[in-house]
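# Chain and residue survey
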Amino acid sequence: MIKIIGNYIINNPLFWILLVLIILFIIFYRELRKNTSINKALKRLDKKSYIVLDDVIINSSRKEYIFDTIIISKYGIFIIKYVDYDSKIYGDDRELQWIQLKNNKKIYFDNPVRDLHSNVRVISELLDLNEKYFIPIVCFTKEATLSLDIKDKVTQVEFLDDVIRSYKKEIIKYGLMEIKDTILNSNKVNTNTKVIEKESIDKCPRCGNKLIVRNGKYGDFLGCSNYPDCKYTREL
């Protein structure tokens, strides 16, 4: 009897549709919760003192660099990378990979601090500013338990605004708006773009979703329909 019921469930397409919907809901809920926590932390910053730029993509001669969040202030330019890993996290400055220990299993992922320093080098070249003006911060979820041996700032989402406000020495006396304009003019993604109702032209090489024509500050371009989860863009 149990076998018959099991075969019926497995062969029932509604079961698989429901299963897919549950998985999608879990993924969407986790992403929504993460973004909500980040937004709350950043909203606690004084808007007059901090300029927040999200989802910045800058091309260099080497490759495309993605910046989760850049915060411009007289206390420095904060370059923030979000890492959506929970459970126990182990790592140090020297290692190429860090470890997530979850359910007694080791999951290896690229050292986010090394990636972040590459981003700092690129944007310091773009702005023609010494790297001493930049403050890299790796930000984990609040569910992560951090066991790290590093010199750089690593924190969790709920403490992000406190870490940023802990920098109180004014090191950039002027030119904050010029810095902002330079970054936005070099950004390959305009978060204020709107979709033009045109037929999709191609598939995204990153995620396989459709590319659609978007209208940005400097004209039309192709962007992934799965934005902001996928930030691929291409010139028309």
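Look above for the structure.
This is a predicted model, so every value here is computed, not measured.

## Remarks on the overall build of the protein chain
Looking only at helices and strands, one finds five helices and 14 strands in the protein chain. When each of the 236 residues of the protein chain is scored for burial, the buried share is 36%. On the protein chain, roughly 15,100 Å² of surface is accessible, and the fraction owed to carbon and sulfur atoms is 53%.

## Considering the sheet that holds strand S4 (residues 87–92)
Strand order in the open sheet formed by four strands is S6-S5-S4-S8, and the pairing between neighbours is mixed. Of all the strands in the sheet, just strand S6 (105–110) and strand S8 (144–149) have a single pairing partner and so form its edges. In this sheet, adjacent strand axes meet at a mean angle of 20° when their direction is disregarded. Here strand S5 (residues 97–102) pairs with S6 via six bridges, running antiparallel. Each residue of the ladder has a partner; that of Gln 97, found in S6, is Asp 110.

## Observations regarding unusual backbone geometry
Here the phi dihedral of Ser 87 falls at roughly 65°; this positive angle occurs in a residue that is not glycine. If you trace the backbone, Ser 87 turns up in strand S4. Although it is not a glycine, Asn 103 sits at a positive phi angle of roughly 55°. Looking at where Asn 103 falls in the secondary structure, it is placed in the loop between S5 and S6.

## Considering the packing of aromatic side chains
Where two aromatic rings form a pair, the distance of their centres and the angle of their planes describe that pair. Counted under the stated rule, the structure contains five aromatic pairs. Aromatic pair Tyr 50 and Tyr 75: ring centres 6.0 Å apart, planes at 40°, arrangement tilted. One end of the pair, Tyr 50, is in the loop between helix H2 (13–43) and strand S1 (51–59); the other, Tyr 75, is in the loop between strand S2 (64–73) and strand S3 (76–83), and 25 residues separate them in sequence. Residue Tyr 50 is classed as buried on the basis of its relative accessible area of 9%. Here the aromatic rings of Trp 98 and Phe 140 are separated by 6.5 Å at their centres, their planes lie at 10°, and the arrangement is stacked. Of the two residues, Trp 98 sits in strand S5 while Phe 140 sits in strand S7 (residues 134–140), which places them 42 residues apart along the sequence. Look at Trp 98 and you get buried, because its relative accessible area is 0%. An aromatic cluster is defined as three or more aromatic residues linked by ring pairs; in this entry it consists of Tyr 85, Trp 98, Phe 109 and Phe 140.

## Some details on the environment of Cys 207
By the element assignment, Cys 207 lies in the loop between strand S11 (202–203) and strand S12 (210–216). Separated by 19 residues in sequence, Cys 207 and Asn 226 place their C-alpha atoms 8.3 Å apart. Those residues within four positions of Cys 207 in sequence are excluded, and the remaining contacts are Cys 224, Asn 226 and Cys 230.

## Quick look at the packing of helix H3 (residues 112–127) against helix H5 (residues 176–186)
Viewed as axis vectors pointing N to C, H3 and H5 meet at an angle of 110°, and their least axial separation amounts to 10 Å. If you check the angle between H3 and H5, you find them roughly perpendicular. Pair H3 / H5 crosses with right-handed handedness. Residues Ile 123, Leu 126 and Leu 127 of H3 pack against Ile 179, Thr 182, Ile 183 and Ser 186 of H5.

## A short note on H3
Compared with the 22 Å implied by 1.5 Å per residue over 16 residues, the 23 Å span of H3 between its first and last C-alpha is a close match. Looking at H3, one finds that the buried residues are Pro 112, Val 113, Leu 116, Asn 119, Val 120, Val 122, Ile 123, Ser 124 and Leu 127. Two or three places before Val 113, at the start of H3, stands the capping residue Asn 111, its side-chain oxygen 2.9 Å from that residue's backbone nitrogen. Once H3 finishes, Asp 128 follows within two positions and takes phi at roughly 55°, a positive value.

## Thoughts on the sheet that holds strand S9 (residues 153–156)
With mixed pairing, five strands are arranged side by side in an open sheet as S1-S2-S3-S7-S9. Edge strands, defined here as strands with exactly one partner in the open sheet, are S1 and S9. If you compare each strand with its neighbour and ignore which way they point, the axes differ by 35° on average. The pairing of S2 with S3 spans five bridges and is antiparallel.

The rules behind these values
Positions within a chain are numbered from 1, following the residues in the order the chain's sequence is written. In keeping with the model being predicted, local features are shown solely for residues with a pLDDT of at least 70 and side-chain atom pairs are shown and tallied solely at 80 or more, while totals for entire chains, interfaces and linings include all residues. Side-chain figures throughout are based on the complete set of non-hydrogen atoms in the structure, without hydrogens or water. Helix and strand assignments follow DSSP, with helices taken as H or I runs no shorter than four residues and strands as E runs no shorter than two, numbered in order from the N terminus. Each residue's exposure class comes from its accessible area (1.4 Å probe, protein chains only) as a fraction of the maximum for that residue type: buried when under 20%, exposed when over 50%, partly exposed otherwise. Computed with the Shrake-Rupley method and a 1.4 Å probe, the accessible areas treat only the protein chains shown as cover for residues. In this analysis, strands are considered paired if DSSP registers two or more bridges between them. Fitted lines through C-alpha atoms give the axes, limited to the stretch in contact for helices. The angle between two N-to-C directions lies from 0 to 180 degrees. Side-chain rings of Phe, Tyr and Trp (the six-membered ring for Trp) are treated as a pair once their centres are within 6.5 Å; stacked means planes under 30 degrees apart, edge-to-face means over 60, and tilted covers the remaining angles. Only heavy atoms enter the contact rule, under which two residues are in contact if any of them lie within 4.5 Å. If an angle is under 35 degrees, it is roughly parallel; if it is over 145, roughly antiparallel; if it lies from 65 to 115, roughly perpendicular; otherwise it is oblique. The crossing is said to be left-handed when, going from far helix to near helix, the turn is anticlockwise and less than a right angle, and right-handed when the turn is clockwise. By this rule, a helix spans an expected 1.5 Å times one less than how many residues it contains. Here a polar contact is recorded for every N or O atom pair within 3.5 Å, except that within protein the pair must consist of a potential hydrogen donor and a potential acceptor, and residues adjacent in sequence are included only if both atoms are side-chain atoms.

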